[in-house]
Every structure is written in C-alpha cells, then in structure tokens.
Amino acid sequence: MTNNNYKEWKKIAEKELKEKDINELNWDTPEGIRVKPLYTEDDLKKLEHEIGFPGLPPYTRGPRATMYSNRPWTIRQYAGFSTAEESNKFYKEGLRNGVTGLSVAFDLATHRGYDSDHPRVVADVGNAGVAIDSIEDMNTLFLDIPLDKMSVSMTMNGAVIPVLACFIACGEEQGVDKSKLTGTIQNDILKEFMVRNTFIFPPEPSMRIVSDIIEFTSKEMPKFNSISISGYHMQEAGANQVQELAYTLADGKEYVEAALKRGLDIDDFAPRLSFFWSIGMNFFMEIAKMRAARFMWSKIIEEFKPKNPKSLALRTHCQTSGVSLMEQDAYNNIVRTTIEAMAAVMGGTQSLHTNSFDEALALPTTFSARIARNTQLILAEESGINKVIDPMAGSYYVESLTSDIIKQARALIKEVDDVGGMVKAIEMGLPKMRIEESSAKRQARVDSMEETIVGVNKYKPTEKQDINVLSIDNEKVRVKQIKRLKDIKDSRDMNEVNNLLKKITEACRSSELNLLEVCVEAAKKRCTVGEMTEVMEKVFGRHTLSSKTISGVYGKAIKHTEKINKIDVEIEKFIENKGRRPRMLVVKMGQDGHDRGAKLIATAFSDLGFDVDVGPLFQTPEEAAMQAIDNDVHIIGVSTLAAGHKTLVPLLMKSLKNNKASNIKVICGGVIPPKDYDLLYELGVSKVFGPGTNIQEAAIEIINII
C-alpha cells in the first residue's frame with residue numbers, strides 16, 4: 001500500500017465517520033496492546049517473529065507439517081463426576097458419538113490427596129469430578145476401554161504421584177505395558193501455587209515430584225506426555241492473554257531446568273512436554289497467542305541446544321473458557337463456546353475440549369455435553385476450516401498482533417528471570433498479584449459497561465430460562481466410596497501394604513529412589529491415594545497459603561456512577577447507625593481452591609468502603625463460623641464453585657446457631673443451580689448471587705440486608 005493510497009483511504013473513512021477523527025477507532029486491549037482499525041503490508045515489515053512453515057522450526061504455523069489437512073485435532077471431553085461407574089458410562093457414550101480422546105476430571109478430595117472417608121472432605125466426594133481412592137476405582141473408570149488404544153489426559157497436580165501410579169497399574173492389570181500408554185498428565189504444580197491452589201506439598205518437594213515423573217516417563221513411557229504446562233487456570237483466575245502466555249512459558253522453562261539438573265538430556269524429555277491454553281472471547285487475540293507461544297517456546301528451548309528439532313515444537317491442548325460462561329441467558333454460552341472453539345482450531349491446537357453451556361449452573365448434562373461435543377464435530381466435518389494449514393498466516397492484523405504479544409510476553413518473562421526464575425517469583429507473589437490486578441480491572445470494565453456481556457450487562461432477557469441441570473447426591477457417592485474403601489482394606493495383605501508405605505517414606509527421603517516407580521508398586525498392592533499421600537506428607541509437610549488481597553485496583557478502574565454515589569451514601573448511613581463500617585468475611589469452604597471469585601469480591605468490596613476479612617482456603621464450616629464470630633462481622637460471603645453448597649452451607653448455619661451467632665447474615669455466590677436457591681433461602685441464607693453479578697448492585701443489596 002502506497003502512502004497516497006493510505007491518505008485516500010483515510011479521507012474516505014473520516015467522511016464516513018462524520019466529523020470524528022480516525023484515531024478514535026483505535027482500541028487498547030486489556031493487555032495494553034493498541035489495535036488500529038486498519039493494518040497494511042507495511043505492518044509486516046516490523047515483526048518480532050518469523051512466520052516460516054508448519055512442521056519446521058520455529059513452528060509459528062504449527063508443530064506438524066500437514067496439520068489438520070492430514071489429521072484433525074483430537075476431540076476430547078473433559079469429564080468426571082460421581083463414581084467411577086457413572087463416569088465410565090459417560091466416557092463410553094462420548095466415544096460412541098465422536099470423542100477421540102478421554103480427559104479425566106477428578107473430585108477435589110482426590111486432588112488434595114484425601115481418601116473419601118476423610119472428615120475434611122464430607123462435601124467434596126464425587127463433586128466436580130470423579131472420586132478415585134485406589135486402583136480399584138481406576139479399573140472401574142476404564143472398564144472395557146482399552147488403554148493401549150485410547151489417549152487419556154488427566155488433570156491432576158497435587159496428588160499426581162498416587163493417581164498416575166494407579167493409572168499405570170490399571171493399564172498393567174488390563175495387560176497393557178506402560179510403554180504403550182498414551183496421553184498426558186498435567187503435573188503442573190507451579191500453576192497451582194499461582195492460581196488454582198490444589199497443591200498438597202510445599203514448592204521444593206513438589207518440584208522434586210515433577211522431576212521424578214519426567215524422569216520415569218521419559219525412560220519407561222515414551223508415548224506419554226509427562227507434563228501439561230497450563231495457562232488455562234491463569235486465564236480463569238483473571239489473567240489477560242499476555243500474562244497467561246508469559247507465565248506459562250516461564251513455568252515451562254523452570255520445569256526444563258529442573259529436569260536438566262536431574263541429569264536428563266534435553267532431547268530425552270522436551271519432545272513429550274505439552275501445553276494447555278484457555279481460549280476466551282477475544283477471537284484474534286487467542287489465535288495470535290497460540291502462534292506467539294510456538295515461536296517463543298522454540299526460541300526458549302533453542303538456548304538448551306537440543307539436537308532433535310521436535311524438542312523445539314510446542315504442542316498444546318485447549319479448552320474453551322469457563323469464566324466466559326454466564327448463568328444469565330445461558331443458551332448464549334453455546335455461541336460463546338463455538339467462537340472460542342473456532343479460535344482454538346484456527347490457532348492450531350492439537351486437542352480441544354468444548355465446555356457445555358450449563359456449566360455456569362452445574363455439572364453438564366448428557367444433553368448439554370452432546371451439544372458441546374457436536375460443536376467440534378461440526379467444525380471438523382462441516383466448516384472446511386481443516387482443509388488449509390494455518391489459514392491466518394500472513395494476515396496483516398494477526399501477524400502484527402502476534403508480534404505485539406511476543407514483545408509484551410518477553411517483558412514479563414524478563415521480570416520473572418530478573419528475580420531468579422518462576423519459583424522465586426511465585427514465592428514473592430509476583431505473578432499472583434499481576435493476575436489479581438488484571439481480574440479486578442476486568443470486573444470494573446464489565447460493571448461500568450465498558451465491556452459488553454450480552455444477556456448480563458446489556459440486552460438482558462425478559463423471559464425466565466428453564467434449564468435442566470445435573471445434580472449429584474454427594475452423600476450417596478461418599479457412602480458408596482467408603483464401603484469400597486473398607487472392602488479393599490479388608491481384603492488386602494497388610495504386611496505388603498505397610499512395607500510399601502515404608503518404601504515410599506524412604507523414597508521421599510532419598511533422591512536415589514524414584515517416587516513414581518515405588519508408588520506404582522504400592523498401587524498394585526491396593527495402597528490407597530490417601531495412604532500414599534499421607535506418608536509423603538509426613539516427610540514433606542502439607543503446604544498452607546496465606547490469604548492476601550490487593551486493594552485500590554477495582555476502585556481506580558471503576559467509573560464514578562450513580563451506583564457508586566448511592567453506595568457511598570448507604571455506607572455513611574450505616575456508619576451513623578452502627579458506629580462502624582459494614583464488615584464482611586469472605587470464605588471458601590471445603591477443598592475448592594478456585595479463589596478468583598472470593599478474591600475479586602474481597603478486593604472490590606474493600607474498595608467500595610466495606611471492611612473485609614478473607615478466610616484461609618480449605619476451611620471447614622465450623623472454622624469459618626468461628627472466624628466470623630471472632631472477627632465480629634456482620635455478614636459471611638460464601639464463595640462456591642464445586643457443588644458443595646448443599647452440604648457446607650447447612651453445616652455453617654448450624655455452627656452459627658450452636659454458637660449463638662445467628663445474627664450474622666450469610667450470602668452465597670458462585671456456580672449454584674437456580675433450583676437450589678430456595679433450599680438455601682429456607683436454611684436462612686439472605687441472598688444468592690450467580691455468575692455475572694454486578695458488584696455495585698450487590699453491594700447496595702448487602703448493605704440493605706445487614
């Protein structure tokens with residue numbers, strides 16, 4: 001495009017704008033990237049990256065030469081709920097209807113290394129995932145599913161050693177040697193310390209566990225991916241796409257260095273590393289992020305001088321965004337998931353899970369899961385997207401965006417490197433702080449209507465939605481699991497069990513023994529996930545995390561509106577009447593570590609003028625009640641995402657009553673099926689807030705409640 005052509009275009013465009021300047025069409029993304037209304041070939045002259053060819057370093061256009069034109073992406077269904085029997089039925093249904101790889105979701109009790117009979121997990125067994133206590137559950141989970149033919153992905157980090165051990169042992173009891181197992185174990189503990197919080201052990205022994213798994217799988221399981229370095233949960237926690245990219249690659253670099261210190265050669269394990277991205281609603285940003293990731297990872301690994309070019313290739317699984325799913329006007333989520341799935345495919349993913357539209361309400365039903373699955377099948381078989389390799393290559397806009405993302409992500413990685421690497425940065429709280437700031441700013445944009453969410457803050461529906469949701473009888477599942485545990489313990493050889501548990505203890509204390517290798521042996525002899533975790537905990541300790549929140553970010557980002565004025569007036573009235581500010585305790589009960597909602601509420605309400613306390617993660621209802629009484633709060637805000645509300649909230653209300661503190665009001669927020677609202681109100685809950693709630697409107701309601 002010549003300069004004269006540009007001038008001619010600008011003249012016509014500004015005439016169409018009717019007196020406005022063309023620069024008013026510029027847009028700043030949440031990442032701080034300036035997006036112009038027009039890109040030209042001149043923008044391709046200043047790129048940070050090489051476009052190159054698919055299947056060749058630096059792999060910007062994809063890790064395989066032919067990509068989907070030869071073989072489509074793997075269609076995965078991330079699922080797991082209730083018992084192993086129920087999950088097995090669900091998997092088989094999916095496999096009959098187009099699923100080509102399994103992706104296992106575990107319940108929170110399993111994630112945190114507790115057997116189903118542990119007193120701290122009364123609300124968590126079988127909720128938000130499948131309960132796995134031993135190899136017997138794993139055998140049932142994969143009954144009649146041949147593990148030598150099926151790729152299995154497992155989202156597991158905290159209890160990764162005993163769970164992977166049970167999987168390997170399950171394969172061997174099927175007659176499948178571990179060398180033939182294919183799939184991925186997430187095994188990304190750094191991300192847990194940063195955002196998701198389903199950790200068990202402190203950082204140092206946790207990194208030792210990661211290295212043990214990389215070492216064992218590189219030698220014994222050549223077809224299995226030893227780690228899935230995950231940005232997904234960062235974006236779910238509020239990270240923008242540049243933060244997700246930078247911190248995930250920095251995590252990956254840390255894992256590579258840990259494996260090299262173990263004595264492994266870079267080419268021994270780098271080809272089996274994989275990544276996991278969240279795909280949100282900024283369509284072109286997500287495509288550019290994935291292309292930038294491949295280029296940047298190739299350059300990072302290049303520093304370690306690999307001889308195998310496959311070591312430089314970033315392969316990835318993607319999942320459509322959970323945080324973009326809204327309770328209000330929930331069928332809109334089908335459209336959102338379709339847009340996100342298209343971005344993942346256009347960005348060159350190797351496998352994909354599409355969320356079900358009802359997941360802002362509860363676990364997906366068979367009906368909603370089928371729609372989610374068919375979304376991928378339609379893209380793969382009807383759209384023609386898979387006929388051309390990397391169709392976005394050479395796009396003036398996409399290549400420029402890719403370049404801008406690389407530039408900003410490199411700056412964040414340098415910040416991490418400058419403090420001594422990702423472990424040091426996490427200990428300092430640096431990534432967590434940046435992500436929480438991003439989350440607060442985004443919420444302020446939505447509350448101020450600077451960012452539109454259709455059906456939530458604009459174009460709100462007038463008719464009531466009637467959506468059938470899946471409900472799990474948690475107590476029934478727990479009783480069944482406890483009986484199975486008892487049967488296992490009654491039938492096994494306790495001498496063998498005790499000897500193997502002692503061997504695990506020895507392996508924890510000695511770097512000469514590989515923990516995964518020992519635990520596979522223990523799993524075969526029916527040692528449980530909880531038992532294996534407990535003996536490791538005695539050596540390593542169980543990690544705790546202090547609940548810190550940022551302040552001022554939401555308040556600075558929010559527009560001054562009539563709602564803000566009203567909140568100020570109402571708080572002043574409250575202070576006049578009560579002699580102090582309204583005081584709230586925000587709690588997460590049970591083993592759910594997803595604390596984005598809790599942190600966001602605490603930050604925003606503090607900026608709006610409330611006194612806010614935040615309870616530690618993994619509280620029992622009794623502990624939460626006592627903290628509320630000790631801190632003399634007016635109201636408790638219960639944040640829940642993992643379906644434990646029907647067990648935990650009644651126990652909280654009972655504990656308040658037993659301690660003569662029923663005057664403390666209780667509200668609930670998060671993923672709660674609307675049909676459960678009445679049950680909570682009958683218990684005495686004052687208000688239930690679903691996903692997408694406007695924080696300013698909620699603040700006014702809460703002041704009126706107390």
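See the structure above.
Structure report, in brief. Worth saying up front: this structure is predicted, and the values here are computed from it rather than measured. (Residues numbered from 1 in each chain as written. Predicted model: local features only at pLDDT ≥ 70, side-chain atom pairs only at ≥ 80, totals over all residues. Heavy atoms only, no water.)

1. Brief notes about the pattern of salt bridges
The final tally for this structure, using the stated rule, is 51 salt bridges. Its salt-bridge partner being Asp632, residue Arg580 comes within 3.3 Å of it at the nearest N-O pair. One end of the pair, Arg580, is in the loop between helix H22 (562-578) and strand S12 (583-587); the other, Asp632, is in the loop between helix H24 (621-630) and strand S14 (635-640), and 52 residues separate them in sequence. On the basis of relative accessible area, Arg580 is assigned to the partly exposed category, the value being 28%. Looking at Asp632, the relative accessible area reads 47%, which means it is partly exposed. For the salt bridge of Arg583 with Asp611, the shortest nitrogen-to-oxygen distance reads 3.9 Å. One end of the pair, Arg583, is in strand S12; the other, Asp611, is in strand S13 (residues 611-614), and 28 residues separate them in sequence. Of the residues examined, Asp611 reaches a relative accessible area of 29% and is grouped as partly exposed. (Salt bridge = Lys/Arg side-chain N within 4 Å of Asp/Glu carboxyl O. Helix = DSSP H or I, 4+ residues; strand = E, 2+ residues; numbered from the N terminus. Buried < 20%, exposed > 50% of the residue type's maximum accessible area, 1.4 Å probe, protein only.)

2. Looking at the sheet that holds strand S16 (residues 687-689)
Each strand in a sheet pairs with its neighbour through backbone hydrogen bonds, running either in the same direction (parallel) or in the opposite one (antiparallel). The five strands are arranged S13-S12-S14-S15-S16 in an open sheet whose pairing can be described as parallel. Of all the strands in the sheet, the pair left with one neighbour each is S13 and S16. Ignoring which end each strand starts from, the neighbouring axes of this sheet average 20 degrees apart. Two strands pair when backbone bridges link them, and S14 and strand S15 (residues 665-670) are joined in this way by six bridges, in the parallel orientation. Bridged to Gly637 within S15 is Ile667. Lying over the sheet, H24 contacts S12, S13 and S14, oriented at roughly 160 degrees with respect to S12. Where helix H27 (residues 695-705) meets the sheet, its contacts fall on S12, S14, S15 and S16, and the angle it forms with S16 comes to roughly 165 degrees. (Pairing = 2+ DSSP bridges. Axes fitted to C-alpha atoms, helices over the stretch in contact; angles between N-to-C directions. Contact = heavy atoms within 4.5 Å.)

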